[in-house]
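Listed here are the chains, written in short residue letters.
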Amino acid sequence: MTRSNDGVAAGALRERRWFDARPWQTNAALLSIGVGLVLLTRQLISEYDHFTIGFSGVSGWSCILYLGAALIVMSQPVDRFTFPIILLVAVACRLVALPAVPFLSSDIYRYVWDGIVQHAHISPYRYVPGDAVLAFLREPHQSIFDKINRRDYAHTIYPPAAQALFYLITWISQTVTGMKTAMVLFEGVTMYAVVAFLHSLGVRREQSLLYAWCPVLVWEIAGSGHLDSAAMAFTALALLARLRRRPVLTGIFLGIAILLKLYPLVLLPALYRRGDYKMPATVAGVVALGYAAYSSVGLLVFGFLGGYVKEEGMATGARYFLLELAQVMPGLHNFTTAAYFVFCAMVFAGIIWWCWRRAGIGGADRIRPFSASGVASFLPPAFALAAALMFLFSPHYAWYIVWLIPFFTLMPNLPILAYVLGFFYLYTTALAEPGPKMFLANKILYASVLAAFIIQIAFERLQVSRYLFVQPVVSSDPL
C-alpha cells in the first residue's frame, strides 16, 4: 500500500473515532500508565515481604491500568515514539520482577534441579529429587533442593524439550535468576512473532501492547519464571510460520511447543492445511525424536503425569468447574464425569470440523478490533481450541492461561479479555482457596465471560466498535 493511500485511509479512520487525540497525547497517556504499572510491579515484590495493599490490590489496579492502556492504543493515533514506549515499559516491568526470589510458585526450582541432574549425566526422569542416589548433588545446591515441591515422591513431569532447555540454561547458569532470565527472553521471541504477524496482516504494531503490558505475564513469567513462556514462544512461531505457509517450520515449532508443555497439541487441527501432510508428519517426527532421546528410562519418561492427573482431580472430575456447576443444577445431579468427557469431546469435535472447513483457506480478511471475525483463516479456530481447553479444563493456576494472551493480541475480543483479567484478579483474592470459595470465584468468572460475550454480540450488531477503535488497514500484498 502506498504512502498516499495510507494517508487517505488514516484520514478516513480519524473521522470514525469517538475522540480525536494527537499522537503526543497518546504517548503521554501511555507513559503515565506505564509508570504506574512499573510502580505496581515494584509493589508486588514488596508484598512478598509485608502486606500493604495485598496481592489483590496490586492485581486489581494493574488490571485497571492495563485496560486503560489497551483502550488508548486501540482507539487513538500513534507515532514513531509509541512503540518504543511500549517496549520500554514492558522491559522495565520485567526488570523489576526479575531479580526477586520467586514467591507465588516454586516450580522453577524443579527446572533448575532437572538441569543440574542432567549435567551429572543422569536422566531427570529416573529418580525423584529426594532419592539417596542424588544425595551428592544436594549439598552444592541445597538452596535449590530445599524448595522443590513434591521432591520426595514425584518424578519430574516436564517433557523432553523442556528437559533439553533446562540442560542448556543450567549449562550457562545454575541459578533461579538465570532460569527466570531465559524465560523472559522467550517472551521477547513471542513479542517478535506477534509483531511480525500483525505486520503481515497490515495491523499496526502498537497493538502488541495487549501482550507486552499484560500484568499476568509479569507476575507469572518475570516473577515466577514459568516454562509456559517457552511454550508460548514456540506456539507463536508456529502461528507465524503457518501464516507464511511454511509447513515444515510450522511442524517443527509446534512439535517443540508440545514437547515443552503438551497442551499446544490441541492446535494441530487448526494449523493443518488440507492436502499438506508435511506439517503433521514433522510434528510427529519432532515429538517421537524428543521422547526417543530420553527413552532409556522406559515409561518413566512420562514422569509424574499420571500422578498429577490424579492429584488435580482430572480423572475423577473434581477439578472441572462446568461439571460441578451442572451437578448443582436441577435435574442434572447425576451428571457423571464420563458424560462430561463426552460433552468435551463433542465441543472439540465441533471446533475440529470448523478447522477442517477452513483447512484449505490461507488468506487474510479485514480485522475488526475486539471482534471474533477476520484475520488469517486458521487463527479463529486455533484460538477457539486453545480457549475451549482452558474453559473446559478450568485450571487453578494463572500460568496455564498465559498462552491465550498472544491469541488475544492478534484477535482482541471482550470474552477473553474478561477471562484473562478476571482469572488473574480473582485468583489473587481469598476466593482462590480450593472448595466452595473457588467454586464461587469460577461462577463470577464464567458469568463475567458470558456477559462479555453478550456485550460483544451487541457491539457487533450495533457496529459500536467502528466508532470506538481504530480500524486497521490490511495490506493488499499476498501473504
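Cut-offs applied
- Residue numbers restart at each chain and count upward from 1, following the sequence in its written direction.
- Per-residue local features are limited, in this predicted model, to residues with pLDDT of at least 70; the limit for side-chain atom pairs, both in listing and counting, is 80 or more; totals at the level of whole chains, interfaces and linings are taken over all residues.
- Only hydrogens and water are set aside; all other atoms, that is, all heavy atoms of the structure, feed into the side-chain values.
- Starting at the N terminus, helices and strands are each numbered in turn, a helix being any DSSP run of H or I of at least four residues and a strand any DSSP run of E of at least two.
- Residue exposure (1.4 Å probe, protein chains only): buried if accessible area is under 20% of the type maximum, exposed if over 50%, otherwise partly exposed.
- We call two residues in contact whenever any of their non-hydrogen atoms come within 4.5 Å of each other.
- All accessible-area figures derive from a Shrake-Rupley calculation using a 1.4 Å probe, and residue coverage is judged against the displayed protein chains alone.
- In this analysis, the expected span of each helix is defined as 1.5 Å times one less than the number of residues it contains.
- A fitted line through C-alpha atoms serves as each axis, taken over the contacting stretch for helices, and the angle formed by two N-to-C directions is quoted from 0 to 180°.
- Angles are sorted into four bins: roughly parallel if under 35 degrees, roughly antiparallel if over 145, roughly perpendicular if 65 to 115, and oblique for all others.
- By the convention adopted, Pro, Cys, Tyr, Trp, Phe, Met, Ile, Leu, Val and Ala count as nonpolar, Lys, Arg, Asp and Glu as charged, and the other residues, Gly among them, as polar.
- Grouping buried Ala, Val, Leu, Ile, Met, Phe, Trp, Tyr and Cys residues that are joined through side-chain atoms within 4.5 Å yields what is termed a nonpolar core.
- Polar contact is the term for a pair of N or O atoms within 3.5 Å; when the atoms are in protein, one must be able to donate a hydrogen and the other to accept it, and sequence-neighboring residues count only if both atoms are side-chain atoms.
- When the centres of two rings from Phe, Tyr and Trp lie within 6.5 Å, Trp using its six-membered ring, the rings pair. Their planes under 30 degrees apart give stacked, over 60 give edge-to-face, and anything left gives tilted.
- Only residues above 30% relative accessible area that lack a salt bridge enter a patch, with like-charged residues linked at up to 9 Å and the nonpolar side chains Val, Leu, Ile, Met, Phe, Trp and Tyr linked at up to 5 Å.
- Here a salt bridge means any side-chain nitrogen of Lys or Arg lying within 4 Å of a carboxyl oxygen belonging to Asp or Glu.
- pLDDT gives the predictor's per-residue confidence on a scale running from 0 to 100.
- Here, the term disulfide refers to a pair of cysteine sulfur atoms separated by no more than 2.5 Å.

Visitor: Sorry if this is basic, but what is going on with the overall build of the chain here?
Guide: Of the regular secondary structure elements, the chain holds 23 helices and two strands. Burial status across the chain gives 54% buried among its 479 residues. Put simply, 77% of the contacts in the chain that link residues at least 6 apart link residues at least 24 apart. Looking at the chain as shown, the accessible area adds up to about 20,800 Å², and 67% of this sits on carbon and sulfur atoms.

Visitor: What's the story with unusual backbone geometry in this structure? I'm lost.
Guide: Phi angles above zero are rare outside glycine, and His121 is one such case at about 65 degrees. Mapping His121 onto the fold places it in the loop between α5 (107-119) and α6 (135-138). By relative accessible area, which is 76% here, His121 ends up exposed. With a phi angle near 60 degrees, Arg245 is a residue other than glycine that sits in the positive phi range. Take Arg245: it is sitting in the loop between α12 (228-243) and α13 (247-261).

Visitor: Help me understand helix α19 (residues 379-393) in this model?
Guide: Two residues of an α-helix separated by three or four positions point the same way, owing to the 3.6 residues in each turn. Taking 1.5 Å as the rise per residue, α19 with 15 residues should run 21 Å; its terminal C-alpha atoms sit 21 Å apart, in good agreement. The element α19 is largely enclosed, with a buried count of 14 among its 15 residues. Positioned one or two residues after α19, Ser394 has a phi angle of 45 degrees, which is positive.

Visitor: Would you mind going over the packing of helix α9 (residues 176-200) against helix α11 (residues 215-223) with me for this structure?
Guide: Each pair of packed helices can be described by the angle between their axes along with the distance between the axes. α11 packs onto α9 with a crossing angle of 140 degrees between their chain directions and a minimal axis gap of 8 Å. In terms of axis orientation, α9 runs oblique to α11. In this structure, α9 contributes Lys180, Met183, Val184 and Glu187 to the contact, and α11 contributes Leu217, Ile221, Ala222 and Gly223. For the contact of α9 with α11, the class distribution of residues is five nonpolar, one polar and two charged.

Visitor: Would you mind going over the nonpolar core with me for this structure?
Guide: Most often, soluble globular proteins keep nonpolar side chains buried together rather than apart. Core analysis: the biggest nonpolar cluster contains 159 residues, and Phe197, Trp213 and Leu227 have the highest contact counts within it. Sort the elements by how many residues they give to this core and α9 lands first, with 13 residues.

Visitor: Any chance you could explain the side chain of Gln163 here in plain terms?
Guide: Along the chain, Gln163 turns up in helix α8 (residues 160-172). You can call Gln163 buried: its relative accessible area is 0%. Here the side chain of Gln163 touches Asp114 through a polar contact of 3.0 Å, side chain to side chain. When near neighbours in sequence (up to four residues on either side) are disregarded, Gln163 contacts Asp114, Gln118, Pro124, Tyr125, Thr156, Tyr158 and Tyr294.

Visitor: Would you take a moment to explain the environment of Ile108 for this structure?
Guide: With respect to the helices, strands and loops of the structure, Ile108 is situated in helix α5. Once the C-alpha coordinates of Ile108 and Leu227 are considered, the two residues, 119 residues apart in sequence, prove to be 8.0 Å apart. In contact with Ile108, not counting residues within four places along its chain, are Pro102, Val176, Met179, Lys180, Ser224 and Gly225.

Visitor: Sorry, what's going on with the packing of aromatic side chains here?
Guide: Any two aromatic rings considered together are summarised by their centre-to-centre distance and by the angle between their planes. The full count for this structure, using the stated rule, is 33 aromatic pairs. Pairing Tyr320 with Phe341 gives two aromatic rings, centres 5.8 Å apart and planes at 80 degrees, and the pair type is edge-to-face. Placement of Tyr320 in the loop between α16 (305-311) and α17 (321-327) and of Phe341 in helix α18 (residues 337-358) is noted, with a sequence separation of 21 residues between them. Owing to a relative accessible area of 8%, Tyr320 belongs among the buried residues under this scheme. Judged by its relative accessible area of 36%, Phe341 falls in the partly exposed class. Between the aromatic rings of Trp399 and Tyr400, the centroid separation amounts to 6.0 Å while the plane-to-plane angle is 35 degrees, which identifies the pairing as tilted. Using a relative accessible area of 10% as the deciding quantity, one classes Trp399 as buried. A network of ring pairs unites the aromatic residues Phe321, Phe391, Tyr419, Phe423, Tyr427, Phe439 and Tyr446 as a single cluster.

Visitor: Is there a simple way to think about a nonpolar patch on the surface in this case?
Guide: Residues Leu31, Val35, Leu39 and Leu88 make up a contiguous nonpolar surface patch of roughly 380 Å² in combined accessible area. Examining the composition of the nonpolar patch, we find that three residues originate from one element, helix α2 (residues 23-49), more than from any other. Structurally, Leu31 is set in helix α2. Judged by relative accessible area, which is 38%, Leu31 ranks as partly exposed.

Visitor: Could you clarify how one ought to interpret the side chain of Thr170 in this entry?
Guide: Note on placement: Thr170 falls in helix α8. From its side chain, Thr170 meets the backbone oxygen of Phe166 in a polar contact 2.6 Å long.

Visitor: I tried to follow the confidence of the model for the chain on my own but got confused; where do I start?
Guide: If pLDDT is low for a region, its predicted coordinates should not be looked at in detail. Predicted confidence across the chain gives a mean pLDDT of 90, with 89% of residues reaching 70 or more. Predicted confidence is poor over residues 362-374, with pLDDT under 50, and the contacts of this stretch with residues over four places away or in other chains come to 54 contacts.

Visitor: Mind showing me how you'd approach the state of the cysteines here?
Guide: Here a disulfide denotes a covalent bond joining the sulfur atom of one cysteine to the sulfur atom of another. A complete count under the given rule lists zero disulfides for this structure. Here Cys214 is not disulfide-linked; the sulfur of Cys63 is the nearest cysteine sulfur, at 7.8 Å. On the basis of relative accessibility, which here comes to 1%, the residue Cys214 falls in the buried class.

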